[in-house]
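Notes for the structure review
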Amino acid sequence: DYEEAFADARTESVAAPIAKAYGILTPKLIRYDDSCKLLDRSYSIWERIPGFPLGKQKNKYLLKDVWIKLGSELGKLHMSIKNCDDPMGWLDSPDREYSKKELLDYCAENNCSEYLRDFIQNIFDDNTFTYNKCFVHGDTHDENIMCNENSEYAALIKSTQTKLI
């Protein structure tokens, strides 16, 4: 669907350069153009990250160093970026409060661990709560994690679902 791809390209054109500026291992955006003057559609040109998606590795769950590095990168993303320039409003930014019931319902529907359900039940006193906003990738899975030829972490790609939440 072109409209969805257009929105994703816009989101990435804002999110990836911000993440890159904060030292997150992600491809550099070389050019983004949505004017449709050169081509009849928007386009992005990205730095090439040599390697392959982690999802293509047969032993992907045994590559603990990759998962540790990913956790470190996501931690940097969440802890470092608290606000950002987004003059066109292209990042998804759901400004809403969450309720304890909403989180517990989500856990029930998605088979969350008993530990997580107990944590939510015991840690939150109010029915609704607010939180400090942070930058979230939003589409972190093994096909969006790049590894080099030595099966080492190389980059987090596809920032199409990035949000400031």
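Here we summarise the structure given alongside this text. (Residues numbered from 1 in each chain as written. Predicted model: local features only at pLDDT ≥ 70, side-chain atom pairs only at ≥ 80, totals over all residues. Heavy atoms only, no water.)

1. Side note on the overall build of the chain
Under the convention used in this document: Only DSSP runs of H or I reaching four residues or more are called helices, and only runs of E reaching two or more are called strands; each is numbered from the N terminus. Exposure classes here rest on a 1.4 Å probe applied to the protein chains alone. A residue is buried below 20% of its type maximum, exposed above 50%, and partly exposed in between. The contact criterion used is simple: two residues touch if any of their non-hydrogen atoms lie within 4.5 Å. Surface exposure here means Shrake-Rupley accessible area, sampled with a 1.4 Å probe, where a residue is shielded only by the protein chains that are shown.
Tallying secondary structure elements over the chain gives four helices and nine strands in all. Along the chain, from the amino end to the carboxyl end, the secondary structure elements read α-β-β-β-α-β-α-α-β-β-β-β-β. Within the chain, the fraction of its 165 residues that count as buried is 38%. Intrachain contacts of the chain at a sequence separation of at least 6 include 67% that bridge at least 24 residues. Element-wise, carbon and sulfur atoms account for 52% of the exposed surface of the chain, whose accessible area totals about 10,600 Å².

2. Re the sheet that holds strand β3 (residues 52-53)
Backbone hydrogen bonds hold the strands of a sheet together, and the pairing may be parallel or antiparallel. For clarity, the cut-off: When DSSP locates at least two bridges between a pair of strands, those strands are taken to pair. Angles here are taken between N-to-C directions and fall from 0 to 180 degrees, while the axes themselves are lines fitted to C-alpha atoms, restricted in helices to the stretch in contact.
Read from one edge to the other, the open sheet built from three strands follows the order β3-β7-β8, with strand pairing classed as antiparallel. The open sheet has two free edges, formed respectively by β3 and β8 (153-156), since each of these has just one partner strand. For β3 and strand β7 (residues 145-147), the ladder comprises two bridges, and the chain directions are antiparallel. Bridge assignment links P53 to a residue of β7, and that residue is M146. Relative to the sheet, helix α2 (residues 64-80) contacts β7 and β8, its axis offset from that of β8 by approximately 35°.

3. What about the pairing of β8?
Sheet topology places β7 next to β8; three bridges connect them, and they run antiparallel. In the strand pairing of β8, C147 is matched with Y153. Turn length for the β7-β8 hairpin, with the two strands adjacent in sequence and antiparallel, is five residues, and the turn residue S151 shows positive phi of about 60°.

4. Examining empty space enclosed by the protein
We count it as follows: With a 1 Å grid laid over protein atoms only, a set of points is called a cavity when a 1.4 Å probe fits there but cannot get out and a pocket when it is open yet has protein on both sides within 12 Å along at least five of seven lines; lining residues have an atom within 4 Å of a point. Grid points are joined across faces, edges and corners, and a volume is the space filled by probe spheres set on the points. In the scheme used here, Gly and all other residues not listed as nonpolar or charged are polar, with Ala, Val, Leu, Ile, Met, Phe, Trp, Tyr, Cys and Pro taken as nonpolar and Asp, Glu, Lys and Arg as charged.
What the rule picks out here adds up to one cavity of 30 Å³ or more. Within this model, the largest cavity holds a volume of roughly 60 Å³. In terms of lining residues, the largest cavity is bounded by ten residues, among which A19, L77, H137, L156 and S159 are the most central. Among the residues making up the lining of the largest cavity, the classes are represented as six nonpolar, four polar and no charged.

5. Notes on the nonpolar core
The tendency in soluble globular proteins is for nonpolar side chains to be buried as a group. Threshold: Buried Ala, Val, Leu, Ile, Met, Phe, Trp, Tyr and Cys residues form a nonpolar core when they are joined through side-chain atoms within 4.5 Å.
Residues V66, L77, F135 and I145 are the most contacted members of the largest nonpolar core, which totals 18 residues. Residue assignment for this core shows that the elements contributing at least two residues are α1 (2-21), α2, β7 and β8. Leaving out residues up to four positions away in the same chain, L77 has contacts with A19, I24, F135, V136 and H137. Of all hydrophobic cores here, the second largest spans five residues; its members include I49, M146, A154 and I157.

6. Some words on the packing of helix α3 (residues 100-109) against helix α4 (residues 114-123)
Applicable threshold: Should an angle lie under 35 degrees it is considered roughly parallel, over 145 roughly antiparallel, and from 65 to 115 roughly perpendicular; all remaining angles are considered oblique.
As a packed pair, α3 and α4 sit with axes 10 Å apart at the nearest point and diverge in direction by 170°. It follows that α3 is roughly antiparallel to α4 by the angle criterion. When α3 is examined against α4, the residues K100, L103, L104 and C107 are found in contact with a partner set consisting of L116, R117, I120 and Q121. Looking at the contact of α3 with α4, its residues break down into five nonpolar, one polar and two charged.

7. Some thoughts on the packing of aromatic side chains
Note the threshold: Working definition: a ring pair exists when centres of Phe, Tyr or Trp rings (six-membered ring for Trp) sit within 6.5 Å. Plane angles under 30 degrees give stacked, over 60 give edge-to-face, the rest tilted.
Under the counting rule described, the total for this entry stands at two aromatic pairs. Seen in terms of ring centroids, Y32 and W90 are 6.1 Å apart; in terms of plane orientation they differ by 75°. Their pairing is edge-to-face. With Y32 in strand β1 (residues 29-33) and W90 in the loop between α2 and β4 (98-99), this residue pair connects regions lying 58 residues apart in the sequence. Exposure remark for Y32: the relative accessible area of 14% places this residue in the buried category. Take W90: its relative accessible area is 21%, and that puts it in the partly exposed class. Relative to W67, the ring of Y61 has its centre 6.1 Å away and its plane inclined at 10°; by these criteria the two rings are stacked. Assessed through its relative accessible area of 31%, W67 is described here as partly exposed.

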